[in-house]
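Each chain, written out:
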Number of protein chains: 2
Amino acid sequence: MFSQSEENYIKAIYHLGEFSEKGISTNAIAKKLNTKASSVTDMVRKLSEKKLVVYKKYQGVTLTEFGKKTATGIIRKHRLWEVFLVNKLNFSWDEVHDVAEQLEHIKSPKLIDELDAFLGHPKRDPHGDPIPDKDGNLQVIEKNLLATLDKGEKGICVGVDDSSSEFLRFLDKQEIALGKHIEVLEKEPFDGSFLIKIDEKELSVSNKIATNLYIQK
Amino acid sequence: MFSQSEENYIKAIYHLGEFSEKGISTNAIAKKLNTKASSVTDMVRKLSEKKLVVYKKYQGVTLTEFGKKTATGIIRKHRLWEVFLVNKLNFSWDEVHDVAEQLEHIKSPKLIDELDAFLGHPKRDPHGDPIPDKDGNLQVIEKNLLATLDKGEKGICVGVDDSSSEFLRFLDKQEIALGKHIEVLEKEPFDGSFLIKIDEKELSVSNKIATNLYIQK
DNA sequence: AGATATTTTTAGGTTAGTCTAAAAATTATT
DNA sequence: AATAATTTTTAGACTAACCTAAAAATATCT
Ligand SMILES: [Mn+2]
Ligand SMILES: [Mn+2]
Ligand SMILES: [Mn+2]
Ligand SMILES: [Mn+2]
């Protein structure tokens, strides 16, 4: 099996590669993991020896099929634990990340299968992100940043891009939650803010929010 | 906070010191943790700098109050997770140890408080061992090895000394479980085996079992 | 008590994962 | 195309947690 550190690298590479075809740069990984580029070089060499990534000097790195499978396995655990914390242990969605970051490294196939069943085979985590199944498949749903919607368009909140505690607590305060219906009443060209209708109430949200909240039309 | 390795040492020292007054020897710790005595010497030096233990060369080691508090904190987590695995995730009592050994190192005060509440503040783990409360207090109950009982004495199974998978599965096979009533019908001097009554049935158990099963008279 | 056996510590070494600073390669700019 | 800026790798070093082998201290035996 892999070390905690190796697993964190694999997950980071997976996430950085989700929406890009090219190799992931040393610097990008270093930034995501708060390490130095030189440490990343060392680690990707090791991961490449272990057949998790393909790495050529100066060319960045991409996950192999085995690497992808490993990554989705870790993500599955992370997201299932998040569901557990929120649904069973009264955590709020902004409190789960750091704990899940630790729990995702627990090694026990039985544990994760049973947890999945115990939670009723959830399909998404508390932030709207899909939970990969045992084989690593994860359903991608259609979702658009609120910022991309036009005046008059409607939809349902289905996810967040930034899942930092600060952002999530701010959403809580504004009473914006996953599952709620939203309609764009106005787009303000001046500052990029949006006037939306949510819960039959009108609410003005900043551009910062609009570029971090996903809507399913 | 402490590293996983430091925590494992603290827990080992706690358990080795439970029934002895003297300092715990380097060798005893090494044996328990499957390391070498020289590694233990290094580590106890570090633990002593961190005020977790008192250590004088060649004199063995004892936990400070702070060390004891730390130890019971880890044991509390270990045992609560064991209860979770058995009561909620369909693990059997012989499957939980290795997983709990990992889970006990997760750092999150809220997690363990909520888990405790979720489980209904259990007092004992699946092996009959007491679960320390938040302040580290743990209730010691009266328990005697079956081997120490005399002919005619009765009691309830309340714990096991050895909680290895092999022993626990053997108890399962013999249909010996915590909570069951037992009466000593015969003690066989020849091989130290016992003839007991359990579930209205008679059963002969070896001396090995009798010296690993606790009874509350 | 003196010799012998056992335990514990010391000395020196290894590996994983990190770092800083310098060198090399790549990319961007004029 | 040459130069400058940026990115990436290399070189060398550090710490935590281990190890083996040898030395020192303690315990046991005659
Ligand atoms: Mn992690
Ligand atoms: Mn999430
Ligand atoms: Mn452990
Ligand atoms: Mn137990």
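I will try to describe carefully the structure that is included in this document. This structure is a prediction, so every number in the text was calculated from the model and none was measured.

About the thresholds
In every chain, residue numbers begin from 1 and rise along the written sequence. The order in which chains are written sets their letters, starting at A; the order in which ligands are written sets their numbers, starting at 1. Reporting of local features is limited, given that this is a predicted model, to residues whose pLDDT is at least 70; pairs of side-chain atoms are given and counted only at 80 or more, and all residues count toward the totals for whole chains, interfaces and linings. Hydrogens and water molecules were not included; the side-chain quantities draw on all heavy atoms of the structure. Stacked, tilted and edge-to-face are the three classes assigned to paired rings of Phe, Tyr and Trp, where Trp is represented by its six-membered ring and a pair needs centres within 6.5 Å; plane angles under 30 degrees give stacked, over 60 edge-to-face, the rest tilted. Secondary structure elements are defined from DSSP: runs of H or I of at least 4 residues count as helices, runs of E of at least 2 residues count as strands, and each element is numbered from the N terminus. Exposed residues in this analysis have more than 50% of their type's maximum accessible area, buried residues have under 20%, and partly exposed residues fall in between, with area computed by a 1.4 Å probe over protein chains only. To sit over a ring, a charge needs its Lys NZ or Arg CZ within 6 Å of the ring centre and within 35 degrees of the ring normal. Nearness of a residue to a molecule or strand requires only that one of the residue's heavy atoms be within 4 Å of it. A 3.5 Å cut-off defines polar contacts: any pair of N or O atoms within that distance qualifies, except that in protein one atom must be a possible hydrogen donor and the other a possible acceptor, and neighbouring residues in sequence count only when both atoms are side-chain atoms. When residues are sorted by character, Ala, Val, Leu, Ile, Met, Phe, Trp, Tyr, Cys and Pro go into the nonpolar class, Asp, Glu, Lys and Arg into the charged class, and all the rest, Gly among them, into the polar class. Any carboxyl oxygen of Asp or Glu within 4 Å of a side-chain nitrogen of Lys or Arg constitutes a salt bridge here. Any two strands between which DSSP finds at least two bridges are classified as paired. Any residue with an atom within 4 Å of a point lines the site, the site being either a cavity, points on a 1 Å grid over the protein atoms alone where a 1.4 Å probe fits but cannot get out, or a pocket, an open set with protein on both sides within 12 Å along at least 5 of 7 lines. Grid points are joined across faces, edges and corners, and a volume is the space filled by probe spheres set on the points. Here the copies are matched by least squares. The fit uses the C-alpha atoms of residues with pLDDT of at least 70 in both. In what follows, residue pairs with any heavy atoms lying within 4.5 Å of each other are defined as contacts.

## Focus: the packing of aromatic side chains
Piece 1. Overall, the coordinates contain nine aromatic pairs over all chains when judged by the stated rule.
Piece 2. Between F118(A) and F118(B) the ring centres are 6.2 Å apart and the planes differ by 70 degrees, which places this aromatic pair in the edge-to-face class. With one member in each of two chains, F118(A) in helix 6 (residues 109–118) and F118(B) in helix 6 (residues 109–118) form a pair that bridges those chains.
Piece 3. A residue is classified by how much of its surface remains accessible, and F118(A), at 23% relative accessible area, is partly exposed.
Piece 4. A centroid spacing of 6.1 Å and a plane angle of 55 degrees characterise the contact between F2(B) and F66(B), whose relative ring orientation is tilted. Taken as a pair, F2(B) in the segment before helix 1 (4–17) and F66(B) in helix 4 (residues 65–89) lie far apart in primary sequence, 64 residues in all.
Piece 5. Residue classification places F2(B) among the buried residues on the basis of a relative accessible area of 14%.
Piece 6. We classify F66(B) as partly exposed; its relative accessible area is 42%.
Piece 7. Clustering of aromatic rings is evident, with ring pairs tying together W81(A), F84(A), F118(A), W81(B), F84(B) and F118(B).
Piece 8. If you follow K88(A) out to its NZ or CZ, it ends over the ring of F118(A), 4.7 Å from the centre.

## A short note on the protein's contact with DNA strand C
Piece 1. Neighbouring residues of DNA strand C: 22 residues in total, closest S3(A), K46(A), R45(B), Y55(B) and K57(B).
Piece 2. Considering the 4 Å shell around the protein, atoms of DNA strand C inside it are sugar or phosphate in 80% of instances.
Piece 3. In the environment of DNA strand C, a base oxygen lies 2.9 Å from a nitrogen or oxygen atom belonging to the side chain of S38(A).
Piece 4. Contacts to DNA strand C include Y55(B), whose side-chain N or O atom sits 2.3 Å from a phosphate oxygen.
Piece 5. Of the residues forming the surface near DNA strand C, the biggest block, five residues, is contributed by helix 3 (residues 37–49) of chain A.
Piece 6. Along the lines of polarity and charge, the residues of the surface near DNA strand C split into six nonpolar, 11 polar and five charged.

## Focus: the pattern of salt bridges
Residues and elements named next belong to chain A.
Piece 1. The full count for this structure, using the stated rule, is 32 salt bridges over all chains.
Piece 2. With a shortest N-O distance of 3.1 Å, R169 and D94 are connected by a salt bridge. You can see R169 sitting in helix 7 (residues 165–173) and its partner D94 sitting in the loop between helix 4 (65–87) and helix 5 (97–103), a full 75 residues away along the chain.
Piece 3. A relative accessible area of 46% means that R169 is categorised as partly exposed.

## Considerations on the protein's contact with DNA strand D
Piece 1. Around DNA strand D, 22 residues are found, and the nearest of them are R45(A), Y55(A), K57(A), S3(B) and K46(B).
Piece 2. Of all atoms in DNA strand D that approach within 4 Å of the protein, 78% are sugar or phosphate atoms.
Piece 3. For DNA strand D, a sugar or linking oxygen lies 3.3 Å from a polar atom in the side chain of Y58(B).
Piece 4. Where the surface near DNA strand D is concerned, the elements lending two or more residues are helix 2 (26–33) and helix 3 of chain A together with helix 1 and helix 3 (37–49) of chain B.
Piece 5. Tallying contributions element by element places helix 3 of chain B first for the surface near DNA strand D, with five residues.

## Remarks on the sheet that holds strand 3 (residues 144–145) of chain B
Residue and element names in this part refer to chain B.
Piece 1. Spatial strand order, 3-8-4-5-6-7: six strands in an open sheet with antiparallel pairing. Edge positions in the open sheet fall to strand 3 and strand 7 (201–205), since each of these has one partner strand only.
Piece 2. Alignment of strand 4 (residues 154–160) against strand 8 (residues 213–216), held across four bridges, turns out to be antiparallel. Across the sheet, C157 pairs through a bridge with I215, a residue of strand 8.

## Section: the layout of surface pockets
Piece 1. By volume, the largest pocket amounts to about 1400 Å³.
Piece 2. If you trace the largest pocket, you find 46 residues lining it, with H15(B), E18(B), K32(B), R79(B) and D129(B) closest to the centre.
Piece 3. Secondary-structure elements contributing two or more residues to the lining of the largest pocket are helix 1, helix 2 (26–33), helix 4, helix 5 (97–103) and helix 7 (165–173) of chain B.
Piece 4. The element that contributes the greatest number of residues to the lining of the largest pocket is helix 4 of chain B, accounting for eight residues.
Piece 5. Here the residues of the lining of the largest pocket sort into 14 nonpolar, 14 polar and 18 charged.
Piece 6. Here the second largest pocket is characterised by a volume of approximately 1000 Å³.
Piece 7. H15(A), E18(A), K32(A), R79(A) and D129(A) are, among the 31 residues lining the second largest pocket, the residues nearest its centre.
Piece 8. Among the elements that line the lining of the second largest pocket, the one with the most residues is helix 1 (residues 4–17) of chain A, at five residues.
Piece 9. Considered class by class, the residues forming the lining of the second largest pocket number 11 nonpolar, eight polar and 12 charged.

## Quick look at the relation of the copies chain A and chain B
Piece 1. In screw terms, the move from chain A to chain B is a rotation of 180 degrees and a rise of 0.0 Å along the axis, fitting with an RMSD of 0.0 Å. Accordingly, the operation relating the two chain copies is best matched by a two-fold axis. Closest to the rotation axis within chain A is the C-alpha of L103(A), separated from it by 3.8 Å.
Piece 2. The residues that chain A uses at the interface reappear at the interface of chain B in 100% of cases, marking a shared surface.

The analysis is restricted to geometry; functional conclusions fall outside its scope.
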